[in-house]
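Spelled out from the first residue to the last, the chains are:
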Amino acid sequence: MSILKPKLFIATLIFVFSAAQLVFSAEPQALKCEYLLRPIGVDNPHPRLSWQMSDGRDGAMQKAYRIVVGTDSVQLINKAGIIWDSGKKSSTIALVTYDGATLKPFTKYYWQLELWDKDSKPLKKSISSFETGMMGMQNWRGTWISDRNDINIMPAPYFRKVFKPAKVIKSARAYVAAAGLYELYLNGKKVGNHRLDPMYTRFDRRNLYVTYDVTTDLRQGDNAVGVLLGNGWYNHQSLAVWNFDKAPWRARPTFCLDLRITYTDGTVETVKTGADWKTSLSPIISNSIYTAEQYDARLEQKGWNTINFDDSKWREVTLRATPSKNIVSQLMHPIRNAEEISVKKLRKFADTSYVFDLGRNIAGVSRLKVKGEKGTVIRLRHAERLYPDGHTDLSNIDVYHRPKDKSDPFQTDIFILGGDGEEEFMPLFNYKGFQYVEVTSSSPISLNEKSLVGFFMHSDVPAVGKISSSNELIDKLWWATNNSYLSNLYGFPTDCPQREKNGWTGDGHFAIETGLYNFDGITVYEKWMADHRDEQQPNGVLPDIIPTGGWGYGTANGTDWTSTIAIIPWNIYMFYGDSKLLSDNYQSIKSYVNYVEGTSKGYLTTFGRGDWVPVKSTSDLEYTSSVYFYVDADILAKAAKLFGNQNDYLQYSALAAKIRNAINEKFFDSKTGIYGKGVQTELSMALQWNIVPEASRQLVANNLAARVKADGMHINVGVLGAKAVLNALSDNGHSDVAYKLASQDTYPGWGWWIKNGATTLHENWDMQATRDISDNHMMFGEIGGWFFKGIGGIKVDEKQPGFKNILLTPHFVEGLDHFEASHEGPYGLILSSWKRAPKGIKYNVIVPANSTASVQIPVTTDAEVFLDGKKVANNLNIKSGKYLFEIRYLKN
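Keep in mind that what you see is a predicted model, and the values were worked out from it rather than measured.

1. Remarks on the overall build of the protein chain
When you go through the protein chain residue by residue, the secondary structure sums to 17 helices and 44 strands. Computed over its C-alpha atoms, the radius of gyration of the protein chain comes to 28 Å, within 12% of the 29 Å expected for a compact globule of 892 residues. Counting only C-alpha atoms, the protein chain reaches 85 × 75 × 55 Å along its principal axes. Residues classed as buried in the protein chain amount to 63% of the 892 residues present. Carbon together with sulfur atoms contributes 49% to the accessible area of the protein chain, which is approximately 32,800 Å² in total. Within the protein chain, one finds 101 positive and 95 negative side-chain charges whose respective centroids are separated by 3 Å.

Below you can see the structure in the form of structure tokens.
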């Protein structure tokens, strides 16, 4: 599903609400299973079912629900063939775990949802479906196969088989598991539009399989199935400082396929991988997920994946052991070519040298269409920067590449022409971070602006958030933040899409709220937390890049980074109201906290990296790491209470209190209200993470505001401070200072990047720095979530998570004439929009059906709040509906 354009997205949602209100229609909508629409390949024996209630009437709410599940949609209507009936439940919840008879593998289930509205009247029933997958290792029929080559052979292998369905086909599913990457073909055509399947995992501990509906891809008579295998992270042939070439799982790529065909008479046949398949090397003569891809069109075997191809010269396959004993469904939003980007500018240096400019920094691939002589070697060099002479400059991103020779150039695809008319090249098993593509050739070629396009490629998570304001810089900054977030979402969050592509844990949790306010990312985070559990040592230690081939278990992989294990599950619970991930991670969080406690001294720890890439100021490592130690213990205590683990709750709430007290005793001067040296990071972290004693909170906040002003109203933090400083200010009476800091367009600051043409976030505040200079990084990305919280005022309520009750605390900051934030939460669209009027401010609110909101409007003694023309308190609770508040100034 492609992401809707932001303006169209919001307009569509508002239209839905408006239309519903006009005709007073109400019905269930957005029925999902495991957070996906009508998914296939579900392995969870107790899948989660969720929905929204479309009802535009004021005070709309769900009085009760009933779910009925069966294997026939018609029978559901007739109340037959039911395997689970929840019964009518008097409840306003909209997330239910299936609790019926044991689900069978390879079975399509229909679920009917009935809701009763605020007047206890039943709404129109809705039906959706989900389909189970393997439901266990024992149900695979195929054997893992590979070609007969070792890890040093460069070309990617082809595999094929011809088969003939015995009867009339009713339906067909392909289940593909791989160690490496693959492309699946049936009768000459690629199946589906996914890219880079399957997602990267710790291959020797967990492998993912993908399910495809291939019913329409098959035909009666002979069929050909083809598979092309890429290295991915499994067989990392490129050399870099991260030592992926030394990963313990490393081997020649391998895969297993079950093509399960159901006939109209109800019988089933499975076409599977085994010794009867054949293999050959492909024209992809080199492929590296880290560097690039090389393709020799002279080696093409036309029709290799069709029935009439002569494979007599192909070799037999080799049978392989299963890479791990844990093969599970990849039930998540896939990576796709989500957006096609045209060239904005082309510079021709010669008939053999061109530089294409996409006008923005992206992650993904380029596609070239070209004619030329057979054997012409074309190089496509992808870069974020240009040298002064206009040629591409890789010096900011190739610093960790350690090539053994010149055969594996960084971010440089190589395409050798076959000489057969117009040819097209787009890499299949690689992605890059770039804005510019320099095309050079060994013989003259003729190119124009339409010869090349870029594809913005990422996990195709649906957009759920939007902001707009009267400040163009703010809007561009929000857009750039989302560009960086998506550029670093490839089945797991990464730091940058070019230099490393690593799942740095710190970057992941610094940006978690930005991600969740803007995108429906739960499927990606649940997968990544499973990676965490795979990588965790028995003693609780985690590496600071996940997944990893072994790098990252050093001395600095401490609490400030690897607190992902607790912070991300807690935020998923806050945003979705779903405690499953928190439950899945509970023992891992406990093990981690126990390890840190065991190595700490006096409840303080130096286990961490510290405030990475600061402007100037430095913060005490023991202080910053101990703050995150507190955060982890506090989350663990709250999770223990949620799950009824009373002993754990008492133990870890006491531990959290001891850590907090130890931090305050050593680093806090209660008389002056200063933490540590009093720099922005130290003051803001204490406020952000609730370290400050309540009686001193305002004093510390005032000191922070004074510190920012003393720093020239500019940022003076690293990654830990960037996460905390804006929230600490806006949550504690200094929203105007926070806004000025966020919108500052001179160095250093986020706006300085935008003013200088950035379309993504950078790794360093200093755009002229000599190290840490990726131009597409996510570690300073908290600001994208702060817009929703600190100006729009849309916040989660910890007592009623998942936006069941919404906290609305807008800030009418100086310097903005209007600001609008919207978020599609689990219950529907939330809108918080304010605009200055001649004598006050108009504040528009939408609270979705089945939710409530606690509104706190900031007013001074010279202003009053009105709703529907009636004076109201500035602090009130409201039900679902649309509201227009007016803040009227008593004096002009």
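2. Structural notes on the sheet that holds strand β7 (residues 108-116)
Read from one edge to the other, the open sheet built from five strands follows the order β2-β8-β7-β4-β5, with strand pairing classed as mixed. Of all the strands in the sheet, the pair left with one neighbour each is β2 (40-42) and β5 (82-85). Sheet twist, expressed as the mean angle between neighbouring strand axes with direction ignored, is 35 degrees. When strand β4 (residues 64-70) meets β5, the two strands line up antiparallel, connected through three bridges. In the strand pairing of β5, Val 69 is matched with Trp 84.

3. Here we look at unusual backbone geometry
Pro 198 follows Asp 197 through a cis peptide bond whose omega is -10 degrees. With respect to the element layout, Pro 198 can be found in the loop between β13 (189-190) and β14 (207-213). The step from Tyr 747 to Pro 748 runs through a cis peptide bond, and the omega angle for that step is -5 degrees. Inspection of the secondary structure assignment puts Pro 748 in the loop between α15 (735-743) and α16 (750-755). Its identity is not glycine, yet Leu 196 carries a phi of approximately 55 degrees, on the positive side. Its location among the elements puts Leu 196 in the loop between β13 and β14.

4. What about the sheet that holds strand β18 (residues 278-281)?
The six strands are arranged β13-β12-β15-β10-β18-β21 in an open sheet whose pairing can be described as antiparallel. Across the chains shown, the open sheet's two edge strands, defined by having one partner strand only, are β13 and β21 (315-316). In this structure, β18 lies alongside β21, joined through two bridges in antiparallel fashion. Bridging from a neighbouring strand, Lys 278 pairs with Glu 316 of β21.

5. Quick notes on the confidence of the model for the protein chain
In this model, the protein chain carries an average pLDDT of 96, and 97% of its residues clear a pLDDT of 70 or more. The low-confidence segment residues 1-23, where pLDDT is below 50, has 39 contacts with residues more than four positions distant or belonging to other chains.

6. Section: the side chain of Arg 57
Looking at the element boundaries, Arg 57 is found in the loop between β3 (48-55) and β4. The class of Arg 57 is buried, set by a relative accessible area of 16%. A distance of 2.8 Å separates polar atoms of two side chains, one belonging to Arg 57 and the other to Asp 55.

7. Some points on the pairing of strand β16 (residues 254-263)
Every regular strand shows the same layout, with side chains that alternate between the two sheet faces. In terms of burial, β16 is a largely internal element, nine of the 10 residues being buried. By the bridge criterion, 10 bridges tie strand β11 (residues 169-179) to β16 in an arrangement that is antiparallel. When the sheet's bridge partners are listed, Ala 172 is paired in β16 with Ile 261. Across five bridges, the pairing between β16 and strand β17 (residues 268-272) is antiparallel. Among the inter-strand pairings, Arg 260 is bridged to a residue of β17, identified as Thr 270.

8. Observations regarding the packing of helix α10 (residues 621-642) against helix α11 (residues 646-667)
Between α10 and α11, the least distance of the axes is 8 Å, while the angle of their chain directions is 160 degrees. One way to sum up the angle between α10 and α11 is to call them roughly antiparallel. Of the two possible hands of crossing, α10 and α11 adopt the one that is left-handed. The segment α10 lies against α11, with Glu 622, Tyr 623, Ser 626, Val 627, Phe 629, Tyr 630, Ala 633, Asp 634, Leu 636, Ala 637, Ala 640 and Lys 641 engaging Asp 648, Tyr 649, Tyr 652, Ser 653, Leu 655, Ala 656, Ile 659, Arg 660, Ile 663, Lys 666 and Phe 667. Here the residues of the contact of α10 with α11 sort into 15 nonpolar, two polar and six charged.

9. Some words on the pairing of β14
The element β14 is extensively covered by neighbouring structure, given that six of its seven residues are classed as buried. Here five bridges tie β11 to β14, and the two strands are oriented antiparallel to one another. Looking at β14, one finds that Ala 177 is bridged to Tyr 209. Pairing of β14 with strand β23 (residues 327-329), which is carried by three bridges, proceeds in the parallel orientation. Directly across from Asn 207, in β23, lies its bridge partner Ile 327.

10. Examining the packing of helix α9 (residues 580-599) against α10
The N-to-C vectors of α9 and α10 enclose an angle of 140 degrees; their axes lie 10 Å apart at closest approach. The orientation of α9 relative to α10 falls into the category oblique. Between α9 and α10 lies a crossing whose hand is left-handed. Judged by residue contacts, Leu 582, Tyr 586, Ile 589, Lys 590, Tyr 592, Val 593, Val 596 and Glu 597 of α9 engage Phe 629, Asp 632, Ala 633, Ile 635, Leu 636, Ala 639, Ala 640 and Leu 642 from α10. Across the contact of α9 with α10, the residue classes break down as 13 nonpolar, no polar and three charged.

11. Points about the packing of aromatic side chains
Within this structure, the stated rule accounts for 51 aromatic pairs. On the basis of an interplanar angle of 10 degrees and a centroid distance of 5.0 Å, the ring pair of Tyr 200 and Trp 233 is categorised as stacked. Placement of Tyr 200 in the loop between β13 and β14 and of Trp 233 in the loop between β15 (223-230) and β16 is noted, with a sequence separation of 33 residues between them. Using a relative accessible area of 7% as the deciding quantity, one classes Trp 233 as buried. A ring pair is formed by Trp 242 and Trp 551, whose centres lie 4.9 Å apart and whose planes are at 85 degrees; its orientation type is edge-to-face. Within this pair, whereas Trp 242 is found in the loop between β15 and β16, its partner Trp 551 is found in the loop between α6 (522-535) and α7 (559-562), the two being separated by 309 residues in sequence. By relative accessible area, which is 26% here, Trp 551 ends up partly exposed. Members of the aromatic cluster, joined through ring pairs, are Tyr 200, Phe 203, Trp 233, Tyr 234, Phe 244, Trp 249 and Phe 492.

12. A look at the side chain of Ser 851
Tracing the backbone through its elements, the reader meets Ser 851 in strand β41 (residues 840-856). With relative accessibility at 4%, the residue Ser 851 sits in the buried group. With residues near it in sequence (within four places) discarded, Ser 851 still touches Phe 803, Lys 804, Ile 806, Tyr 827, Lys 879 and Ser 880.

13. Quick look at the pattern of salt bridges
Applying the stated rule across the entire model yields 51 salt bridges. In this structure, the salt-bridge partner of Asp 775 is Arg 385, at a minimum N-O distance of 2.9 Å. Note that Asp 775 is positioned in the loop between α16 and α17 (783-791) and Arg 385 in strand β28 (residues 385-386), a separation of 390 residues in sequence. For Asp 775, a relative accessible area of 8% puts it in the buried group. Residue class for Arg 385 comes out partly exposed when judged on its relative accessible area of 21%. For Asp 711, the salt bridge identified is with Arg 707, shortest N-O distance 3.0 Å. Among the residues examined, Arg 707 registers a relative accessible area of 29% and is labelled partly exposed.

14. Some details on helix α12 (residues 680-688)
Among the nine residues that make up α12, nine are buried, leaving the element largely enclosed by the rest of the structure. All buried positions along α12 are accounted for by Gln 680, Thr 681, Glu 682, Leu 683, Ser 684, Met 685, Ala 686, Leu 687 and Gln 688. Where α12 terminates, the next one or two residues include Asn 690, which has phi positive at roughly 60 degrees.

15. Remarks on the environment of Glu 131
Looking at where Glu 131 falls in the secondary structure, it is placed in strand β8 (residues 126-132). With 26 residues separating them along the chain, Glu 131 and Pro 105 place their C-alpha atoms 8.3 Å apart. Residue contacts for Glu 131: discarding those within four places in its chain leaves Pro 39, Ile 40, Gly 41, Val 42, Thr 107, Lys 108, Arg 173 and Tyr 175. Among the polar contacts made by the side chain of Glu 131, one reaches the side chain of Arg 173 at a distance of 2.6 Å.

What counts and what doesn't
- Residues numbered from 1 in each chain as written.
- Predicted model: local features only at pLDDT ≥ 70, side-chain atom pairs only at ≥ 80, totals over all residues.
- Heavy atoms only, no water.
- Helix = DSSP H or I, 4+ residues; strand = E, 2+ residues; numbered from the N terminus.
- Rg over C-alpha atoms; globule rule 2.2 N^0.38 Å.
- Buried < 20%, exposed > 50% of the residue type's maximum accessible area, 1.4 Å probe, protein only.
- Areas by Shrake-Rupley, 256 points an atom, 1.4 Å probe, with all protein chains shown as cover.
- Lys, Arg positive; Asp, Glu negative; His and termini not counted.
- Charge placed at Lys NZ, Arg CZ, Asp CG, Glu CD.
- Pairing = 2+ DSSP bridges.
- Axes fitted to C-alpha atoms, helices over the stretch in contact; angles between N-to-C directions.
- pLDDT = per-residue confidence, 0-100.
- Contact = heavy atoms within 4.5 Å.
- Polar contact = N/O pair within 3.5 Å; in protein donor to acceptor, adjacent residues only side chain to side chain.
- Parallel < 35°, antiparallel > 145°, perpendicular 65-115°, else oblique.
- Left-handed = near helix turned anticlockwise from the far one by under 90°.
- Nonpolar A, V, L, I, M, F, W, Y, C, P; charged D, E, K, R; others polar.
- Phe/Tyr/Trp six-rings, centres within 6.5 Å; stacked < 30°, edge-to-face > 60°.
- Salt bridge = Lys/Arg side-chain N within 4 Å of Asp/Glu carboxyl O.

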